[in-house]
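Structural characterization, general
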Amino acid sequence: MAKKAKKQQPGGTPATVALTAAGADYTVHSYDHDPAHPSYGEEAAEAMGVSPDRVFKTLVADVDGTLTVAVVPVAGQLDLKALAAAAGGKRATMADPTLAERTTGYVRGGISPLGQRKRLPTVLDDSATAHATICVSAGRRGLEVELSPQDLQKLTGAVLAPIGRA
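Quantities reported herein were computed from a predicted structural model and do not represent experimental measurements.

Reading guide: rules and limits
Residues numbered from 1 in each chain as written. Predicted model: local features only at pLDDT ≥ 70, side-chain atom pairs only at ≥ 80, totals over all residues. Heavy atoms only, no water. Helix = DSSP H or I, 4+ residues; strand = E, 2+ residues; numbered from the N terminus. Buried < 20%, exposed > 50% of the residue type's maximum accessible area, 1.4 Å probe, protein only. Contact = heavy atoms within 4.5 Å. Lys, Arg positive; Asp, Glu negative; His and termini not counted. Salt bridge = Lys/Arg side-chain N within 4 Å of Asp/Glu carboxyl O. Pairing = 2+ DSSP bridges. Axes fitted to C-alpha atoms, helices over the stretch in contact; angles between N-to-C directions. Arc of directions from axis to C-beta. pLDDT = per-residue confidence, 0-100. Core = buried A, V, L, I, M, F, W, Y, C linked by side-chain atoms within 4.5 Å.

**Regarding the environment of serine 30**
Mapping serine 30 onto the fold places it in strand β2 (residues 25-30). Here serine 30 falls in the exposed class, since its relative accessible area comes to 60%. In the structure, serine 30 is positioned 113 residues away from leucine 143 in sequence and 4.5 Å away in space, judged by C-alpha atoms. Apart from the residues lying within four places of it in its own chain, the contact partners of serine 30 are Gly142 and Leu143.

This is the structure we're talking about:
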């Protein structure tokens, strides 16, 4: 189970700093990132030996002109129409990767829903609540953080909605 972080270790990311500051229970998992792997999320699930339905990817979309974070299982895809509806918009498209990196402060493949440079509206796929803990990026490739979906929702202000599809 997750351990309470007592003190931030050197080399922490903004995501782990935010978790520590909030007093959240979390566990950090690191693995050797393979730049040739076709999917960051699937690579994380394989490397950690965790089911892909418990590893969530962080995607940045544009919902009616507002950058919005979508957190969905790596085993599926983001349903842009469902995201737009959950965010109270009409249309969603994937955000420009450079803009997503600049706005969040993270690189693609390492974007975390936590500790972003600019806090963006966030929607968490409701399948997360089926698990005691889920894994999301800790802010860089090869680094994941495991925490309860309730803590992730609370710390990001996320709306829960069915935004993922198989």
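**Notes on the side chain of glutamate 43**
Position of glutamate 43 among the secondary structure elements: in helix α2 (residues 40-48). Within the buried core, glutamate 43 has no salt-bridge partner, and the shortest N-O distance to an opposite charge, that of arginine 141, equals 7.9 Å. Apart from the residues lying within four places of it in its own chain, the contact partners of glutamate 43 are Tyr31, Asp32, His33, Asp34 and His37.

**What about the sheet that holds strand β4 (residues 66-73)?**
Spatially, β6-β3-β4-β7-β10 is the arrangement adopted by the five strands of the open sheet, whose pairing is mixed. Looking along the sheet, the strands with just one partner apiece sit at the ends: β6 (92-94) and β10 (159-161). Strand after strand, the sheet turns through a mean of 35° between neighbouring axes, direction not considered. Sheet topology places strand β3 (residues 56-63) next to β6; three bridges connect them, and they run antiparallel. Across the sheet, the residue bridging to alanine 61 is methionine 94, located in β6. The sheet contacts of helix α5 (residues 149-156) involve β4, β7 (122-125) and β10, and relative to β7 the element is tilted by about 165°.

**Comments concerning helix α4 (residues 97-104)**
Among the residues of α4, Ala100, Thr103 and Thr104 are the ones counted as buried. With its buried residues spanning 85° around the axis, α4 presents them on a single face. On its buried face, α4 is in contact with β3 and β4. Following α4 by one or two positions, glycine 105 has its phi on the positive side, about 85°.

**Details of the environment of glycine 23**
Within the secondary structure layout, glycine 23 lies in the loop between α1 (14-22) and β2. Sequence separation between glycine 23 and threonine 104 is 81 residues; the distance between their C-alpha atoms is 22 Å.

**Focus: the confidence of the model for the protein chain**
For the protein chain, per-residue confidence averages 92 on the pLDDT scale, and residues scoring 70 or more make up 93% of the total. Across residues 1-9, where pLDDT falls below 50, the model places 20 contacts with residues more than four positions away in sequence or in other chains.

**As for the nonpolar core**
With 25 residues, the main nonpolar core has Leu114, Leu124, Val136, Val145, Leu147 and Leu152 as its most contacted residues. Of all the elements in the fold, those that place two or more residues in this core are α1, β3, β4, β8 (134-140) and β9 (143-147). Not counting residues within four places of it along the chain, the set of residues in contact with leucine 114 comprises Ala15, Leu19, Tyr106, Val136, Val145, Leu147, Leu152, Leu155 and Thr156.

**Here's the deal with unusual backbone geometry**
Residues other than glycine seldom take positive phi values, yet aspartate 64 does so here, at roughly 50°. The exposure class of aspartate 64 is partly exposed, given its relative accessible area of 46%.

**Some details on α1**
What α1 keeps buried is the set Ala15, Thr16, Leu19 and Thr20. Buried residues along α1 cover an arc of 130° about the axis, so they all sit on one side. At its buried positions, α1 is contacted by β2, β8, β9 and α5. Following α1 by one or two positions, glycine 23 adopts a phi angle in the positive range, close to 70°.

**A look at the pattern of salt bridges**
On inspection of all chains with the given rule, the structure shows one salt bridge. Residue glutamate 146 pairs with arginine 54 through a salt bridge whose shortest N-O separation is 3.0 Å. On the criterion of sequence distance, the pair formed by glutamate 146 in strand β9 and arginine 54 in the loop between α2 and β3 is long-range, its members being 92 residues apart. Using a relative accessible area of 21% as the deciding quantity, one classes arginine 54 as partly exposed.

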